[in-house]
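Here's the letter readout for the chains.
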Amino acid sequence: MTYQTGIIDEIPLLARYQYYRLKPGANAKEVLQELADIAVEKNIVVGLGQSLILAIDAEIPNMRKMPEFSGKGIEIPTTPHALWCWIRGEDRGDLLHKARLIRNTLAPAFVLDKVTDAFRYDKFRDLSGYEDGTENPQGDDALAAAILESDQANLNGSSFVAVQQWTHDLDTFQGMSRLQQDHTFGRDQVSNEELDDAPESAHVKRTAQEDFEPEAFVIRRSMPWANETEEGLVFVAFGKSFDAYEALMHRMIGNDDGIIDGLFSFTRPVTGSYFWCPPVTDGKLDLSAVLKD
C-alpha cells in the first residue's frame, strides 16, 4: 500500500479537521517526522501546504497554493494553511485523544489555527438531504483518479487535495419547493436518480466529470459539519493533480459558459486550501520527498 488509505476508505462516522500554521523561525523537519511515524497507524490523513513545503526548502511538482476563483457574483476564497490533518474515527472520545496527540506532537513547530468537527449523516448525505459523492469512481478507477503514479518512489502513491468549508443557508433551501430542490442538485432526493428535465444549472450537469476534456474525475470525501449557529459541508476532493478540481470549479462558477451552479442559491465556500498528501512506505508516511538531507 503506497497511499494513505483514508483517501480511499469509506467516510468515517466522525472526523476532526485540524489546520496549522508554522511558527516563525521554527524547524519543522523533526516534528514532521514524528507526525509521519504515527499518522497512518492512527487513521489520520495528512496534507502539507505549499508554504510549509517552501519553508523546508523542498519542491513538489505541480504543488501550488489554491487560487482565488471569481465568477458572476461568485467569489471563491483562498485561505492557505501550512498543514492539514483529517483525523478520522468512530468514537468521539477516541477522536478527541487522537486530536490531542497530534496537537501536542506538532506543538514545538506549529500553531493550531482552525478546527472543524464533522460527522456522517444518514450514510453519505449532505445536510440538504441529498447524497454526496454519488459519481465517485470506484475500485481501480478511484485509485487512478486520486493517487499519483510516478517513477519517483517518494512521490508514487501521493495525492493532492482541495479542502473547502461550505456554509449552508438551510432556511433558504428548505423554503424551496421539492421540485426546486431537486432541480438545484439535478437528482431526486429520495431515489437519488438523475432527472432528465433538470435545468443546465443543476449541480450534476455542471460537474459531470466525464463531460470534460480531459475527463475531470476526483474522489470526493466530504463530510457535514455544524456548530452552535451554522452548518454546512467540508468539501474534500482528492486527485492525482489539481487540474480536475480546477476544471470543475471553473464550470461551477460559470467561467465556461456563463451558467452558475444551482448550489450557489443556498451555499457558499468560506475557506479554501490545497495540500499535498505524502505516500506511505512500510506503514508510515514517506516524507523523503521533502525531508532531504
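For the structure itself, consult the block above.
Owing to the predicted nature of the structure, the values given are computational and were not obtained by experimental measurement.

**Q** Please clarify how the overall build of the chain should be interpreted in this entry.
**A** Looking only at helices and strands, one finds 8 helices and 14 strands in the chain. Computed over its C-alpha atoms, the radius of gyration of the chain comes to 19 Å, within 12% of the 19 Å expected for a compact globule of 293 residues. Dimensions of the chain, computed from C-alpha atoms along their principal axes, come out at roughly 60 × 40 × 35 Å. Here the chain holds 293 residues, and 54% of them are scored as buried. Nonlocal contacts in the chain, meaning residues at least 24 apart in sequence, comprise 78% of its contacts between residues at least 6 apart. Accessible surface computed for the chain: about 13500 Å², of which carbon and sulfur atoms make up 46%.

**Q** Explanation requested: the state of the cysteines in the structure shown.
**A** By definition, a disulfide links two cysteine residues through a covalent bond between their sulfur atoms. Counting across every chain of the model gives 0 disulfides. Counting only cysteine sulfurs, C277 is the nearest neighbor of C85, a cysteine outside any disulfide, at a range of 10 Å. Its relative accessible area of 0% is what places C277 among the buried residues.

**Q** What exactly am I supposed to notice about the packing of helix α1 (residues 29-38) against helix α3 (residues 92-106) here?
**A** Between two packed helices, both the angle of their axes relative to each other and the distance between the axes serve to describe the pair. For the pair α1 and α3, interaxial distance at closest approach is 9 Å and the crossing angle is 155°. The angle between α1 and α3 falls in the class roughly antiparallel. Side by side, α1 and α3 meet where V31, E34, L35 and I38 of the first sit next to L101, I102, T105 and L106 of the second. Class assignment for the residues of the contact of α1 with α3 results in 6 nonpolar, 1 polar and 1 charged.

**Q** Just checking my understanding: could you explain unusual backbone geometry for this structure?
**A** Most peptide bonds take the trans configuration, and most residues that are not glycine carry a negative phi. The amide bond that connects E213 to the next residue, P214, takes the cis arrangement and shows omega of 0°. Position of P214 relative to the elements: it lies in the loop between α7 (203-206) and β8 (219-220). Although it is not a glycine, N62 sits at a positive phi angle of roughly 75°. Here N62 shows up in the loop between α2 (50-55) and β3 (69-71). The residue D282 is not glycine, and still its phi comes out positive at about 55°. Among the secondary structure elements, D282 is positioned in the loop between β13 (280-281) and β14 (284-285).

**Q** For this particular structure, what's the right way to read the pairing of strand β5 (residues 83-89)?
**A** In the case of a regular strand, side chains alternate between the two sheet surfaces. Along β5, 7 of the 7 residues are buried, which leaves the element largely enclosed by surrounding structure. Covered by surrounding structure in β5 are L83, C85, I87 and G89 together with W84, W86 and R88, the residues of both alternating faces. Pairing analysis gives 7 bridges linking strand β1 (residues 14-22) to β5, with the strands arranged antiparallel. Looking at the pairing, A15 lines up with R88 of β5. As defined by bridge partners, strand β2 (residues 44-48) adjoins β5 across 5 bridges and the pair is classed as antiparallel. Paired with L48 across the two strands is L83, which belongs to β5.

**Q** Which parts of the structure should I look at to understand a negative patch on the surface?
**A** Together, E210, D211, E213 and E215 give the surface a local cluster of negative charge. By secondary structure assignment, the location of E213 is in the loop between α7 and β8.

**Q** Help me understand the environment of R92, please; the structure alone is not making it clear to me.
**A** As for its placement among the helices and strands, R92 is situated in helix α3. Judged by relative accessible area, R92 falls into the exposed class, the value being 68%. Each C-alpha atom, one on R92 and one on T2, is 28 Å from the other, the two residues being 90 residues apart in sequence.

**Q** Please explain the side chain of T167 as it appears in this structure.
**A** Examined against the element boundaries, T167 turns out to sit in strand β7 (residues 159-168). The class of T167 is buried, set by a relative accessible area of 12%. Every residue in contact with T167, bar those within four places of it in the chain, is listed here: W225, E230, E231, G232, F266, T267, R268 and V270.

Basis of the calculations
Residues numbered from 1 in each chain as written. Predicted model: local features only at pLDDT ≥ 70, side-chain atom pairs only at ≥ 80, totals over all residues. Heavy atoms only, no water. Helix = DSSP H or I, 4+ residues; strand = E, 2+ residues; numbered from the N terminus. Rg over C-alpha atoms; globule rule 2.2 N^0.38 Å. Buried < 20%, exposed > 50% of the residue type's maximum accessible area, 1.4 Å probe, protein only. Contact = heavy atoms within 4.5 Å. Areas by Shrake-Rupley, 256 points an atom, 1.4 Å probe, with all protein chains shown as cover. Disulfide = S-S within 2.5 Å. Axes fitted to C-alpha atoms, helices over the stretch in contact; angles between N-to-C directions. Parallel < 35°, antiparallel > 145°, perpendicular 65-115°, else oblique. Nonpolar A, V, L, I, M, F, W, Y, C, P; charged D, E, K, R; others polar. Pairing = 2+ DSSP bridges. Patch = residues over 30% accessible without salt bridge, like charges linked within 9 Å, V, L, I, M, F, W, Y side chains within 5 Å. Salt bridge = Lys/Arg side-chain N within 4 Å of Asp/Glu carboxyl O. Lys, Arg positive; Asp, Glu negative; His and termini not counted. Charge placed at Lys NZ, Arg CZ, Asp CG, Glu CD.

Keep in mind these values describe shape, not function.
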